[in-house]
Amino acid sequence: MTPLVSRLSRLWVIMRKPRAAVGSGPRKQAASQDGRQKHAKSSSQAKPSAPNAGLARQLEEVVLQASVSPYHLFRDIAEVTAFRGSLLSWYDQEKRDLPWRRQAEDEVDPDRRAYAVWVSEVMLQQTQVATVINYYTRWMQEVNQLWAGLGYYSRGRRLQEGARKVVEELGGHMPRTAETLQQLLPGVGRYTAGAIASIAFGQATGVVDGNVARVLCRVRAIGADPSSNLVSQQLWSLAQQLVDPARPGDFNQAAMELGATVCTPQRPLCRQCPVQSLCRARQRVERERPLASWNLLGSPDVEECAPSTGQCQLCLPPSEPWDQTLGVVNFPRKASRKPPREESSATCVLEQSRALGGARILLVQRPNSGLLAGLWEFPSVTWEPSEQLQRKALLQELQRWTGPLPATHLRHLGEVVHVFSHIKLTYQVYGLALEGQTPVTTVPPGARWLTREEFHTAAVSTAMKKVFRVYEGQQPGTCKGFKRPQVSSPSSRKKPSMGQQVLDDFFQPHISADAPSLNSAVQ
């Protein structure tokens, strides 16, 4: 019996045993004994996981390895050890000074450390580091609803839902492992759970984000579609094999750092790469150069992958062979992506110029699910095929919130195009100024009258800010250079910041019932 068949057989026997007979071995973690004692209560409240989920994943990985050519694997511990050592040495010298890294390194309380990592990882999802730094610093100082400019607005809502669960159901203590983080906290997927567990609690679990995927695809010459299930499984398997058990958090951050700063999507800095000697993509480039210089036209591609049968499922597909001009950028090939669907909408800025306390504009809240869930916007309707029908539908929507309005005052001002992750939305922008009418003082639930200053600090999308700029540009005497108020620095405050108080309160088993606020994108 071969070693692989033997291992498969043992796993299958274990999988068939009753759940009570399956033990769980000890986990080596960097958390202190005090941290483990704190977590006892939250662990006892954990919902039962799927039977033998960990063993099922092991079985899946063994089956995967059996179908993959050794060319795409790390075949011995010496190669793995060399990769870990080179990457971590480089990271110690070259890592960027980022606020969430300082927070994770300096914070001694494991729950607060985990929260800091959690916030940063959620903010960093599909958002560049440079964009996140300022938002993260302000969030951790103020714990204010500064989310809207980041996009992907549902992330903020899920983060709040998870935070409430930690406080109300888990005694203020974060789950300590990737498995329980993913199981217990809404919106926490495999990557976020692994990042929190490895960075905050020292669990030796690998992570795969876009940067790590690119590094691994190049290091092991994986050219198949990175969004496919087979490639995804292989990348997670490689990440788990490589993660350093002594410094899992640093290793995962180093892999992400390498992809973000050196092994970039275009024009990678291969000469600065600490693992270039282990990179199969780089090796392929070096082998192809002599062939190109000798003009050996028609020579077969240099290829070390030799699957036992058929076409390797991880190599470059035959339809997209090696391109000499791309070099290591041949890996990974871009995942197939659908273009954003196009939609149109009509929206209206309704303003009361004579309202008590100054001019006010109407905002209404979007539903708690779907695009821009829970954010505030100007009243809007879907596109109608004619201008007449469009104006009629928009006026009806406005009157639903305010009562009768003068239709003749509704003016078309222009259009705004905004591209979300999967939708290209064109807004036809209208304006309606109530000059001589009696001010409207009450509105149904889900609507608010705001001053212009309040609008700029409310939880509105970037698209709505574009819409408002079009409206402002059409108003006589408007100052077009209006800037949103700046958040004061910690040194300018005479009392502890509200953010620090809220951060402290986060880890107490109680949460106050705050009144709904326009400064919240998750109401």
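Residues numbered from 1 in each chain as written. Predicted model: local features only at pLDDT ≥ 70, side-chain atom pairs only at ≥ 80, totals over all residues. Heavy atoms only, no water.

In the annotation of an unreviewed UniProt entry, the entry for the chain reads Adenine DNA glycosylase, and the organism field reads Sapajus apella. In its Sequence similarities (unreviewed entry) section, UniProt records this for the chain: "Belongs to the Nth/MutY family." (UniProt positions renumbered as here; feature names shortened; annotations may be inferred.)

**Notes on the overall build of the chain**
Within the chain, the secondary structure is distributed over 18 helices and seven strands. Relative to all contacts within the chain whose residues are 6 or more apart in sequence, the contacts with residues 24 or more apart total 71%. Carbon together with sulfur atoms contributes 53% to the accessible area of the chain, which is approximately 26,900 Å² in total. (Helix = DSSP H or I, 4+ residues; strand = E, 2+ residues; numbered from the N terminus. Contact = heavy atoms within 4.5 Å. Areas by Shrake-Rupley, 256 points an atom, 1.4 Å probe, with all protein chains shown as cover.)

**Re the pairing of strand S6 (residues 423-434)**
With 10 of 12 residues buried, S6 lies mostly within the body of the structure. The pairing of strand S1 (residues 341-352) with S6 spans 12 bridges and is classified as parallel. Paired with Cys348 across the two strands is Tyr430, which belongs to S6. In this structure, strand S5 (residues 411-419) lies alongside S6, joined through eight bridges in antiparallel fashion. Note on S6: the bridge partner recorded for His412 is Tyr430. Taking the residues between adjacent antiparallel strands as the criterion, S5 and S6 are bridged by three residues. (Buried < 20%, exposed > 50% of the residue type's maximum accessible area, 1.4 Å probe, protein only. Pairing = 2+ DSSP bridges.)

**With respect to helix H10 (residues 190-201)**
Since one α-helical turn is 3.6 residues long, residues separated by three or four positions face the same way. End to end, H10 covers 16 Å across 12 residues, agreeing with the expected 16 Å (1.5 Å per residue, within 8%). Listed as buried for H10 are Tyr191, Thr192, Ala193, Gly194, Ala195, Ile196, Ala197, Ser198, Ile199, Ala200 and Phe201. Packing partners of the buried residues in H10 comprise helix H5 (99-106), helix H6 (110-124), helix H9 (178-184), helix H12 (229-242) and helix H13 (248-261). The positive-phi residue at the C-terminal boundary of H10 is Gly202, with phi of around 70°. (Expected span 1.5 Å × (residues − 1).)

**What to know about helix H11 (residues 210-219)**
Most of H11 is tucked away: eight of the 10 residues are buried. The residue sitting at the N-terminus of H11 and contributing the capping side-chain oxygen is Asp209; that oxygen lies 3.2 Å from the backbone nitrogen of Asn211. Once H11 ends, the next one or two residues include Ala221, with phi positive near 50°. (Polar contact = N/O pair within 3.5 Å; in protein donor to acceptor, adjacent residues only side chain to side chain.)

**Observations concerning the packing of H6 against H10**
Relative to each other, H6 and H10 sit at 140°, their axes nearing to 9 Å. The angle between the axes of H6 and H10 places the two elements in the oblique class. Crossing hand, H6 versus H10: right-handed. Along its contact with H6, which presents Pro110, Arg113, Ala114, Val117, Trp118 and Glu121, the element H10 presents Tyr191, Thr192, Ala195, Ile196, Ile199, Ala200 and Phe201. Taken together, the residues of the contact of H6 with H10 break down into 10 nonpolar, one polar and two charged. (Axes fitted to C-alpha atoms, helices over the stretch in contact; angles between N-to-C directions. Parallel < 35°, antiparallel > 145°, perpendicular 65-115°, else oblique. Left-handed = near helix turned anticlockwise from the far one by under 90°. Nonpolar A, V, L, I, M, F, W, Y, C, P; charged D, E, K, R; others polar.)

**Considering the confidence of the model for the chain**
The predicted model of the chain has a mean per-residue pLDDT of 76, with 69% of residues at 70 or higher. Low confidence marks residues 1-51, where pLDDT is under 50. Its contacts with residues over four positions away, or in another chain, come to 57 contacts. (pLDDT = per-residue confidence, 0-100.)

**A word on the nonpolar core**
Within soluble globular proteins, side chains that are nonpolar tend to cluster in buried spots. Counting residues in hydrophobic clusters, the biggest one holds 81 residues, and the most contacted among them are Phe83, Leu87, Trp118 and Leu258. Membership of the second largest hydrophobic core comes to 24 residues, among which are Tyr427, Leu450, Ala458 and Val460. (Core = buried A, V, L, I, M, F, W, Y, C linked by side-chain atoms within 4.5 Å.)

**Details of the side chain of Arg214**
Of note, Arg214 is situated in helix H11. Put simply, Arg214 is tucked away with no salt bridge, and the nearest opposite charge, on Asp209, sits 7.5 Å away. The contacts of Arg214, once residues within four sequence positions are left out, are Gly259, Ala260, Cys263, Thr264, Pro265 and Pro332. (Lys, Arg positive; Asp, Glu negative; His and termini not counted. Salt bridge = Lys/Arg side-chain N within 4 Å of Asp/Glu carboxyl O.)

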